[in-house]
Amino acid sequence: MEEMIDALPQHTCGWTKGNITFYKYQEFWISKSHLEANILAQQSFKAEPSDVFLCSAPKTGTTWLKSLAFAIVTRERFDKSTTPLLTKFVHECVPHLERPLVVEYEDIRKNLSLPLIGTHLPYSSLPESVISSNCKIVYIYRNIKDVIVSHYHFLREGSKLPMEDAPFEEAFEEFCHGVSAYGPYWDHVLGYWKASLERPEHILLLKYEDLKSDPKSNVKRLASFIGCPFSFNEEEAGVVDNIIRFCGFENMSNLEVNKTGKLKGSIFENRFFYRKAKDGDWKNYFTNEMKTNIDKLTDEKFTGTGLILK
Ligand code: A3P
């Protein structure tokens, strides 16, 4: 595997002072550790028809989606004072397919008999059994400009660089050239979008901004889609509202477990996954020219899809 990976096109992000290198594998840029786990998952992961995949490009709301899905699926077993989300980082509660430690996390999943598994893999790179088993797939996507800013800060903090040593303009340029974690971002979204048109009963697309502006109907859609719809009585008793409040940024970002620690072997601390969660933070970073350029690129890629990523 080492030889195969070394032969792939590589890109080291200069603005991270060489801390982050991506490899181009099956048309997408992936870090080495994720790539190895990705290849192993493609070779050996056997999905069950009951598995529910929570898919996303990084920085689009993965952490939020995982907490919501976990709280929905486990709501009869745990309440807000007993849920593992209080003491375990959500990426440990819901394992990630291409984490190097996936085997360890698979054990956690089996022990909790949890159907959920997260992945950043593009649709075209998912292990074959995910498609052939007709697993449910939920895909979250987000306004590209906020993703660029979020992605910049995530890599910058992972590289332990202050903003003055990590020029945003360079990170922006790279992103526009498709070089980002699991980028090009447009192609990532388009892959799941196309698949959702072909297999609408198996793939649900959620938009981060919609989840923010109308959490109740989107959380209900999510619950129904993954086979755990809320009953009338649950709704009346405030179960949906409680889940939304518990998984909200305000609560989650203030939990001790999310303010400290990091996953084994990761350069990213748990707190990096909870930054600002603001729509439109890009306005604090983009020049007019950057806005025009990214809008133009996005228009070109998304013409005729009806998808709005701006
Ligand atoms: P910002 O960097 O814009 O703040 P991911 O989970 O895919 O890595 O995405 C991280 C982004 O989602 C970050 O965005 C983070 O702050 C935001 N986020 C994390 N938890 C959230 C929550 N509970 N509600 C809304 N946004 C959340």
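Look up a bit, the structure's there.
The sections below set out a description of the structure shown in this document. All values reported here derive from a predicted model rather than from experimental measurement.

### Considerations on the overall build of the protein chain
Here is step 1 of the chain: Counting its secondary structure elements, the protein chain contains 16 helices and seven strands.
Here is step 2 of the chain: Referenced to the eigenvectors of the C-alpha coordinate spread, the extents of the protein chain come out at roughly 55 × 45 × 45 Å.
Here is step 3 of the chain: Sequence separation of 24 or more characterises 70% of the internal contacts of the protein chain that already satisfy a separation of 6 or more.
Here is step 4 of the chain: When the accessible area of the protein chain is evaluated, it comes to approximately 13,900 Å², of which 52% is carbon and sulfur surface.
Here is step 5 of the chain: Put simply, the protein chain has 38 plus and 42 minus side-chain charges, and the middle of one group is 3 Å from the middle of the other.

### A short note on the side chain of serine 266
Here is step 1 of the chain: Tracing the sequence through the fold places serine 266 in the loop between helix 15 (256-259) and helix 16 (288-302).
Here is step 2 of the chain: What makes serine 266 buried here is its relative accessible area of 9%.
Here is step 3 of the chain: Within the structure, the side chain of serine 266 is placed 2.9 Å from the backbone nitrogen of phenylalanine 268, a separation counted as a polar contact.

### What to know about a nonpolar patch on the surface
Here is step 1 of the chain: On the surface, Met1, Met4 and Leu40 cluster together into a nonpolar patch covering about 260 Å² of accessible area.
Here is step 2 of the chain: Looking at the secondary structure, you find methionine 1 in the segment before helix 1 (2-6).
Here is step 3 of the chain: For methionine 1, a relative accessible area of 41% translates into the label partly exposed.

### Considerations on helix 8 (residues 168-176)
Here is step 1 of the chain: Burial in helix 8 covers these residues: Phe168, Ala171, Phe172, Glu174, Phe175 and Cys176.
Here is step 2 of the chain: In this structure, the buried side of helix 8 is in contact with strand 1 (10-12), helix 7 (144-158), helix 9 (185-198) and helix 16.
Here is step 3 of the chain: Positive phi appears at glycine 178, one or two residues downstream of helix 8, with a value of about 90 degrees.

### A look at the site of the ligand
Here is step 1 of the chain: For the ligand, the set of nearby residues contains 18 residues, the closest of which are Thr62, Thr63, Ser150, Lys276 and Ala277.
Here is step 2 of the chain: The side chain of lysine 59 places a nitrogen or oxygen atom 2.7 Å from an oxygen atom of the ligand.
Here is step 3 of the chain: Contact distances for the ligand include 2.4 Å between an oxygen atom and a side-chain N or O atom of threonine 63.
Here is step 4 of the chain: When isolated, the ligand has an accessible area of 570 Å², and the protein chains bury 97% of it.
Here is step 5 of the chain: Partitioning the shell around the ligand into residue classes produces eight nonpolar, six polar and four charged.

### What about the pattern of salt bridges?
Here is step 1 of the chain: Across all of its chains, the model carries 12 salt bridges by this definition.
Here is step 2 of the chain: Lysine 32 is the partner of aspartate 6 in a salt bridge, and the nearest nitrogen-oxygen pair spans 4.0 Å. Of this pair, aspartate 6 sits in helix 1 while lysine 32 sits in helix 2 (residues 32-44); the two residues are 26 residues apart in sequence, bridging distant segments of the chain.
Here is step 3 of the chain: A relative accessible area of 41% places aspartate 6 in the partly exposed class.
Here is step 4 of the chain: Residues arginine 75 and glutamate 234 are paired through a salt bridge, measuring 2.7 Å at the closest nitrogen-oxygen approach. With arginine 75 in the loop between helix 3 (62-73) and helix 4 (90-93) and glutamate 234 in helix 12 (residues 232-236), this pair connects stretches of sequence that are 159 residues apart.

What counts and how
- Residues numbered from 1 in each chain as written.
- Predicted model: local features only at pLDDT ≥ 70, side-chain atom pairs only at ≥ 80, totals over all residues.
- Heavy atoms only, no water.
- Helix = DSSP H or I, 4+ residues; strand = E, 2+ residues; numbered from the N terminus.
- Contact = heavy atoms within 4.5 Å.
- Areas by Shrake-Rupley, 256 points an atom, 1.4 Å probe, with all protein chains shown as cover.
- Lys, Arg positive; Asp, Glu negative; His and termini not counted.
- Charge placed at Lys NZ, Arg CZ, Asp CG, Glu CD.
- Buried < 20%, exposed > 50% of the residue type's maximum accessible area, 1.4 Å probe, protein only.
- Polar contact = N/O pair within 3.5 Å; in protein donor to acceptor, adjacent residues only side chain to side chain.
- Patch = residues over 30% accessible without salt bridge, like charges linked within 9 Å, V, L, I, M, F, W, Y side chains within 5 Å.
- Salt bridge = Lys/Arg side-chain N within 4 Å of Asp/Glu carboxyl O.
- Near = heavy atom within 4 Å.
- Nonpolar A, V, L, I, M, F, W, Y, C, P; charged D, E, K, R; others polar.

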